[in-house]
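Descriptive analysis of the structure
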Amino acid sequence: MEKELLRIEHLKKGYGTNDVINDLSLTVRKGEVIVVIGPSGCGKSTLLRCVNALEDIQGGQILLDGEPVRKNAPNISRMREKIGMVFQSYDLFPHRTILDNITLAPMKVQKRKKAEVEQEALELLDRVGLKDRKDDYPRQLSGGQKQRVAIVRALCMHPEILLLDEITAALDPEMVREVLDVVLSLAKAGSTMMIVTHEMAFAKAIADRVIFLENGQIVEESSDPKAFFERPETERARQFLHTFDYESD
Ligand code: ADP
Ligand code: MG
């Protein structure tokens with residue numbers, strides 16, 4: 001079994017009197033794909049934002065490779081380089097080309113050489129079928145293409161773990177597949193990921209482990225995604241999954 005990469009211990013996070021994450025613990029091994037599902041407002045985005053140290057936390061700790069990940073800690077920029085994040089909105093720089101969008105952070109933050117970074121960016125763009133769009137600007141690309149660029153941008157930083165927060169939620173249906181296929185290929189290649197998604201068929205196909213979250217707590221956790229989606233053990237997970245079913249009669 002692969003070594004433990006991420007450890008979340010007794011995490012507590014709230015906004016004012018609103019407790020969002022309540023004593024949540026979770027470990028992720030290298031190469032594992034964790035899919036986090038749950039109703040709107042249950043804390044999925046907050047959880048990912050805590051892992052990326054975008055939020056102050058009120059209790060517990062998050063360790064990556066045994067080192068604390070904490071907002072404003074002295075080691076945080078080094079730690080953040082190990083964590084890639086892709087959101088629903090791709091947040092590409094509109095006045096930069098696709099290639100520049102990808103190479104900017106590796107050059108500025110990681111001080112890597114332009115030639116080396118560009119070569120890697122082109123290889124990654126090729127993998128997602130967008131090499132010939134390198135000189136385009138984001139507005140010239142479809143939503144699905146922009147989201148593939150956002151994934152490449154994250155990968156070019158060589159993160160140890162990739163956090164994906166509903167990355168297909170804003171896409172037209174015909175573009176969802178092309179983005180999810182990229183994520184599936186990353187999983188096959190051994191990337192460690194925590195994925196928040198409402199695409200249940202995708203979740204079932206990609207997850208090594210499914211976490212069902214409600215009110216900031218893990219209500220059900222399964223290392224057998226097929227069984228989880230077909231026969232969840234808790235009533236809450238059953239109800240939640242039922243909202244995705246349609247019956248024809
Ligand atoms: P999910 O991603 O599962 O839909 P979120 O993590 O976005 O849920 O939100 C969980 C809860 O935290 C919600 O009640 C939401 O209103 C609250 N929340 C999220 N972000 C903030 C914020 N910046 N300030 C105050 N409350 C927030
Ligand atoms: Mg969310």
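Check the entry above for the structure.
Below is a summary of the structure that appears in this document. Per chain, residue numbering runs from 1 following the sequence as it is written. Chains carry letters from A onward and ligands carry numbers from 1 onward, assigned in written order. Residue-level local features of this predicted model are given only where pLDDT is at least 70; pairs of side-chain atoms are given and counted only at 80 or more, and the full residue set underlies all totals for whole chains, interfaces and linings. Values shown for side chains rest on all heavy atoms present in the structure; no hydrogens or waters enter the calculation.

**Brief notes about the pairing of strand β7 (residues 161–165)**
Here is the rule: The rule is simple: take the accessible area with a 1.4 Å probe, protein chains only, and divide by the maximum for that residue type; under 20% is buried, over 50% is exposed, in between is partly exposed. Here a helix means four or more residues in a row that DSSP labels H or I, a strand means two or more in a row labelled E, and each is numbered from the N terminus. Paired strands, in this sense, are two strands between which DSSP finds at least two bridges.
Counting buried positions along β7 gives five out of five residues, so the element sits mostly inside the fold. Side-chain alternation along β7 places I161, L163 and D165 on one buried face and L162 and L164 on a second face that is also buried. Taken together, the four bridges between strand β6 (residues 83–86) and β7 define a ladder with parallel strand orientation. Note on β7: the bridge partner recorded for V86 is L164. Pairing of β7 with strand β8 (residues 193–196) involves four bridges; the strand directions are parallel.

**Thoughts on the sheet that holds strand β2 (residues 18–29)**
Note the threshold: Note on definitions: a residue-residue contact is assigned when non-hydrogen atoms from the two residues lie within 4.5 Å. Here an angle of 0 to 180 degrees is reported between the N-to-C directions of two axes, which are lines fitted to C-alpha atoms, with helices fitted over the stretch in contact.
Pairing in this open sheet of four strands is antiparallel, and the strands run β2-β1-β4-β5 from one edge to the other. Of all the strands in the sheet, the pair left with one neighbour each is β2 and β5 (67–68). Pairing geometry for strand β1 (residues 4–15) and strand β4 (residues 59–64), over five bridges, is antiparallel. Across the sheet, residue L6 finds its bridge partner in β4, namely L64. The strands that helix α1 (residues 44–51) touches are β1, β2 and β4; relative to β1, the one it contacts most, it runs at about 120°.

**Description of the site of ligand 1**
Stated formally: Put simply, a residue is near a molecule or strand once any heavy atom of it comes within 4 Å of that molecule or strand. Any pair of nitrogen or oxygen atoms within 3.5 Å is treated as a polar contact; in protein, a donor-acceptor pairing is required on top of that, and neighbouring residues in sequence qualify only through side-chain atoms on both sides. Per-residue and other accessible areas were derived by the Shrake-Rupley procedure at a 1.4 Å probe size, with only the shown protein chains allowed to occlude residues. Basically, the charged four are Asp, Glu, Lys and Arg, the nonpolar ten are Ala, Val, Leu, Ile, Met, Phe, Trp, Tyr, Cys and Pro, and anything else, Gly included, counts as polar.
In the vicinity of ligand 1, the contacting residues are Y15, N18, V20, P39, S40, G41, C42, G43, K44, S45 and T46. Within the contact set of ligand 1, an oxygen atom lies 2.8 Å away from a side-chain nitrogen or oxygen of K44. In this structure, T46 approaches ligand 1 through a side-chain N or O atom, which is 2.5 Å from an oxygen atom. In isolation ligand 1 offers 560 Å² of accessible surface; the protein chains occlude 57% of this area. Mapped onto the shell around ligand 1, the elements with two or more residues apiece are β2 and α1. In the shell around ligand 1, the residues fall into four nonpolar, six polar and one charged.

**Some remarks on the packing of aromatic side chains**
Heads up, the condition is: Only Phe, Tyr and Trp rings are paired, with Trp represented by its six-membered ring, and only when their centres lie within 6.5 Å; those with planes under 30 degrees apart are stacked, over 60 edge-to-face, the remainder tilted. Only when the NZ atom of a Lys or the CZ atom of an Arg is both within 6 Å of the ring centre and within 35 degrees of the ring normal do we say a charge sits over the ring.
Throughout the structure, instances matching the rule amount to three aromatic pairs. Aromatic pair F212 and F240: ring centres 5.4 Å apart, planes at 45°, arrangement tilted. On the criterion of sequence distance, the pair formed by F212 in strand β9 (residues 209–214) and F240 in helix α9 (residues 235–242) is long-range, its members being 28 residues apart. By the burial criterion, F212 is buried, and F240 matches it. Of the aromatic side chains, those joined through ring pairs into one cluster are F212, F240 and F244. The ring of Y15 carries the charged tip of K13 above its face, separated from the ring centre by 4.5 Å.

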